[in-house]
Amino acid sequence: MTDMLELLRAREEWRRTDLSGFSPEGWTEADLFLHARGGNGLVRELGAGEPLFTSLFSAALSPVEEVLLRRAPRGFFVSVPPGAKVEEPIELRYGGGGEGSSLFHRTAILLGEEAEATVIEALDFRPSGRLWVSALTEIRLAAGARLTYLGISLVWPGIWSFWSRRAELASGAGLRWAVAEGGGRLLRRDDLVFLRGEGSSVRAFYLLASGSRGSQVDGGMTVEHESPETVSRLLVRGLVGDGRVVFRGRGRIIPGARGASADHRARGLLLGSGRLDIVPGLLIGEHEVEASHGAVASAPDEEELFYLASRGIERRQALGLLVEGFARPVLEMFPHPVREEVWRGVESSLGEAVPGRGLEGWTENQRAEGDRS
Amino acid sequence: MLKVEDLSAEVAGRPVVRGVSMEIPPGEVHALMGPNGSGKTSFALALMGHPRYRVTGRARLDGVELLSLPPHERVRAGLFLAFQHPVEVPGVTVYQFLRAAVAAARGREPGLREFYGELEERMRQLELDPSFARRGVNEGFSGGEKKRHEMVQMLLLRPRFAFLDEPDSGLDVDGLKAVARAVNSLRGPHFSCLIITHYPRILKEVPPDRVHVMVEGEIVRSGGPELARLIDEEGYEWLRG
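In this text, all values refer to a predicted model and were calculated from it rather than measured experimentally.

**Student:** Sorry, what's going on with the overall build of chain B here?
**Tutor:** Of the regular secondary structure elements, chain B holds eight helices and twelve strands. Taking 241 residues into account, the globule formula puts the C-alpha radius of gyration at 18 Å, and chain B, at 17 Å, falls close to it. Reported as C-alpha extents along the three principal axes, the dimensions of chain B are approximately 55 × 40 × 35 Å. The burial tally for chain B puts 56% of its 241 residues in the buried class.

Rendered as C-alpha cells:
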C-alpha cells in the first residue's frame, strides 16, 4: 500500500497535494453510518461488493480510486425512473469512525429520461481525531434528465479525505453541481464530468475553505465535451485563511464537438498567510467553439471595507460581510436549512479568518430576504 | 457643531488639504465649492478616516475628537459621508448591509419587520424600488440609483453631520429633487451638512447658509449664498492666486 503514495507523488496532478503525514497503513476500518432522507422508495443501500456503474471508473484511475473499486464498499443507490420529478431533496449522509479509523463509501445516482431530482451528499463525521475517508460517487443522467447535485464535506481537522466523483450525461441532460469543502488535514477531490450527449450541460459551483495552517483543500474538476452544443460553466470561490486551497479546473473539447461552450472562472479571497493555487486548463480540439477561463485572487478590498466602516460597521464585522458576499453565489445553490449548515461549516473551517457576525445573523437575514422574495 | 482646526492631509507624501479651519454650527447647511482636484473630496474622506490619508490638525463633532477614532466610531459619533462614487460591495445585499449599519448606529439590532418597514419607506421616499434591498450593494446600480441609495442610508442612520460629496452628479431633474427633499427633510437644529459641489443647481434646491471655496487644498474664500451665484457667473479663475 505504501506504493500508493509513490504512485500518487509521481503524477503531475498530485504534485501540489501535500501527502506528508499520511500513510494508507495502520488504520482500522470502522462501521459506516448511513442515513438517507427523502426520495421515498428511490434510495436503497448498496451492499459491500455489489457491482454498479463502475464503467465510469474504468479508465484513468488513480491508485486511491483503484483501492476503492476493489473494495466496492457500502453506500447508497438513488434511482429515479424516467419522467419522475422529485420535489423534495434527497439527502444522503455518511458518518461514523473514531480515532485512527478508516471509512469507505460510494454513491450511485441514476436518473432516467426526463427525470428531475436534487441529491445532497454530505460527510457527517463527529470530531474524532485522525480519520481516513475515501469515497466514490457515480452519476448517470439519461437523455433530458435534470439533476442538482450538492456535495458537502465540511469536516473536522485531522481528517484525510479522498473523494472521486464521475458523471455521464446523455443528450439534453443538465447537471447543476455545487460543492462546499473545508476543514480537515487534506480534502482531495477529483471530479470528472463526461458531456456525452449533444446539448448536455454542467453548471458547477465550488466553495473551498481552508483556514488553519497545515490544512489543504485540493479540488479539481475536468469536463469532457464529447458532443456538439455541450456547455460547461465552472465557478470556483476559494477562501484562504492560513491553510492552502488548490483547484484544478480542466476542460477538453474533442474534435467534432462543434458549438461547445466552456467558461471556467475562479476567484480567491486571501484572508491570512495561506496559499491559493488555481490551475486552469482548456484543451480545444475543435474550431467552432467558445472557450474561456479566468482566475483572480486578492485580499479583501480596502475600499469596500472603508465603505462599510463609513456606515458604522466595525472592521471585523465588515470583513465577515465581505466573506459572506464572496461565498454567496455558491451558498445560494444550497436550499434552507442545508445552507445554514454549509455556512456554519465554512465559518468553522476558516476559524479566526472569518470574523463575521456569525451564522445567526446571516441566517436571520437570509430568511428575511427569502421571505420577501 | 463641526469644528475643524488647521486640518491638513496628505496622500503618499503629497499634500492635498492644507491648514483648513471651518465651523459649521448645528442646523446650518454649508457648501464647499472648488475646481476639479482642489481637495474637496479629500477633505471629506480625511475627516471620515479613510486609511489612505495622513491627517494632522483637530476636528471635533459636538465636542468629540474625531481624528483619533477609527472610521466606524466617527459614524457612531454622528458623522456621515455620502460618497461621490459609492463603492460596489459584491454579494452583500443592501438589506444585509443596511441592517448591520442601523444596528451599529442605534446600538441594537432592529426587529425584522420594524427594519424592513422603515427601509421600504425610505426607499419609496427616494423613489427607489424596494426590490433594490435584495441586490448587492451598489452592484449594477446606475449613477442616479447610487446617489439615491446614499440618501436612503443617510435617512436611516440619521447623522448629526453629513458630508454630501457631489450628491447632484449623475442625477436627472427628478433625482435631484428627490435628493434635495431628503436633505431638506433632515434640516433642523440637530442636523448640519457640508455639500460638496461644482455647480449651484443643488444649492437652489438646498439653499446654503454659507459657501466656502477650496483651491489647491486651501479655503480661499468664504461667504454667503451670493458667493455661489458669483462662481456660477465668473468661474474660479478670479479666486486663484
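The structure having been displayed, the exposition proceeds.
**Student:** Explanation requested: the overall build of chain A in the structure shown.
**Tutor:** A count of helices and strands for chain A gives six helices and 19 strands. The C-alpha radius of gyration computed for chain A amounts to 20 Å, which stays within 12% of the reference 21 Å derived for 373 residues, consistent with globular compactness. By its C-alpha atoms, chain A is 60 × 50 × 45 Å across when sized along the principal axes. Expressed as a percentage of contacts within chain A between residues at least 6 apart in sequence, the contacts between residues at least 24 apart total 85%. Within chain A, the 52 negative side-chain charges are centred at a point lying 2 Å from the centre of the 44 positive side-chain charges.

**Student:** In this structure, what is going on with helix α5 (residues 338-350) of chain A? I would like to understand it.
**Tutor:** For an α-helix, 3.6 residues make a turn, and residues three or four places apart therefore share a direction. All names here are of chain A. Taking 1.5 Å per residue, 13 residues should reach 18 Å; α5 reaches 18 Å between its end C-alpha atoms and fits that length. Along α5, the residues classified as buried are V338, R339, E340, V342, W343, G345, V346, E347, S349 and L350. Positive phi shows up at G351, right after α5, with a value of about 60 degrees.

**Student:** I'm lost on the interface of chain B and chain A in this one. Help?
**Tutor:** Listed per partner, the contact involves 40 residues of chain B and 27 residues of chain A. Overall, the association of chain B and chain A removes approximately 2800 Å² of surface from exposure, summing both partners, and the carbon and sulfur fraction of that is 62%. At the junction of chain B and chain A, the tally comes to two salt bridges. Where R52(B) meets E303(A), a salt bridge forms, and the shortest distance between an N and an O atom there is 3.2 Å. Taken together, chain B and chain A are joined by twelve residue pairs in polar contact (both at pLDDT 80 or more). Residue assignment for the side of chain B that touches chain A shows that the elements contributing at least two residues are α1 (40-48), α2 (71-76), β6 (79-82), β7 (89-93), α3 (94-106), α4 (112-125) and α5 (143-157) of chain B.

**Student:** I keep staring at α3(B) and nothing clicks. Help me out?
**Tutor:** Residues and elements named next belong to chain B. Between its first and last C-alpha, α3 extends 18 Å over 13 residues, near the 18 Å set by a 1.5 Å rise per residue. Burial of α3 is extensive: eleven of the 13 residues sit out of reach of the surface. Looking only at α3, the buried set comprises V94, Y95, Q96, F97, L98, R99, A100, A101, V102, A103 and A104. Looking one or two places after α3, you find G107, whose phi comes out positive at around 75 degrees.

**Student:** Help me understand the pairing of β6(B) in this model?
**Tutor:** If a strand is regular, its side chains alternate between the two faces of the sheet. Residue and element names in this part refer to chain B. Residue alternation in β6 divides its side chains into two sets, L79 and L81 and F80 and A82, and both sets are buried. Inspection of the sheet shows β6 paired to strand β9 (residues 161-165) by four bridges, in the parallel sense. Its bridge partner lying in β9, L79 is registered against F161.

**Student:** Sorry, what's going on with the sheet that holds strand β10 (residues 192-197) of chain B here?
**Tutor:** Strands belonging to one sheet form pairs held by backbone hydrogen bonds; the direction of such a pair is parallel or antiparallel. Residues and elements named next belong to chain B. Pairing is mixed across the open sheet formed by six strands, whose spatial order is β6-β9-β10-β3-β11-β12. Strands with a single pairing partner mark the edges of an open sheet, and in this sheet they are β6 and β12 (218-223). Neighbour-to-neighbour, the strand axes of the sheet open up by a mean angle of 20 degrees, direction not taken into account. In terms of strand pairing, strand β3 (residues 29-33) meets β10 through five bridges, oriented parallel. From the neighbouring strand, V29 faces β10, where its bridge partner is C193. Helix-sheet contacts for α1 involve β3, β6, β9, β10 and β11 (210-215), and the interaxial angle to β6 is about 145 degrees.

**Student:** Sorry if this is basic, but what is going on with empty space enclosed by the protein here?
**Tutor:** With a probe scaled to a water molecule rolled over the atoms, the places where space remains empty come into view. Residues and elements named next belong to chain A. Under the counting rule described, the total for this entry stands at four cavities of 30 Å³ or more. If you add up the space inside the largest cavity, you get close to 70 Å³. Lining the largest cavity are L234, V236, F247, G249, H264, R265, A266, I278, V279, P280, H293 and G294. Looking at the lining of the largest cavity, the elements with two or more residues in it are β15 (231-240), β16 (244-253), β17 (261-270), β18 (275-284) and β19 (290-298). Its residues assigned to classes, the lining of the largest cavity comprises seven nonpolar, four polar and one charged.

Parameters at a glance
- Residues numbered from 1 in each chain as written.
- Chains lettered and ligands numbered in written order.
- Predicted model: local features only at pLDDT ≥ 70, side-chain atom pairs only at ≥ 80, totals over all residues.
- Heavy atoms only, no water.
- Helix = DSSP H or I, 4+ residues; strand = E, 2+ residues; numbered from the N terminus.
- Rg over C-alpha atoms; globule rule 2.2 N^0.38 Å.
- Buried < 20%, exposed > 50% of the residue type's maximum accessible area, 1.4 Å probe, protein only.
- Contact = heavy atoms within 4.5 Å.
- Lys, Arg positive; Asp, Glu negative; His and termini not counted.
- Charge placed at Lys NZ, Arg CZ, Asp CG, Glu CD.
- Expected span 1.5 Å × (residues − 1).
- Buried area = accessible area lost by both parts, 1.4 Å probe.
- Salt bridge = Lys/Arg side-chain N within 4 Å of Asp/Glu carboxyl O.
- Polar contact = N/O pair within 3.5 Å; in protein donor to acceptor, adjacent residues only side chain to side chain.
- Pairing = 2+ DSSP bridges.
- Axes fitted to C-alpha atoms, helices over the stretch in contact; angles between N-to-C directions.
- 1 Å grid on protein atoms, 1.4 Å probe; cavity = no way out; pocket = protein on both sides within 12 Å on 5 of 7 lines; lining within 4 Å.
- Points joined across faces, edges and corners; volume = space filled by probe spheres on them.
- Nonpolar A, V, L, I, M, F, W, Y, C, P; charged D, E, K, R; others polar.

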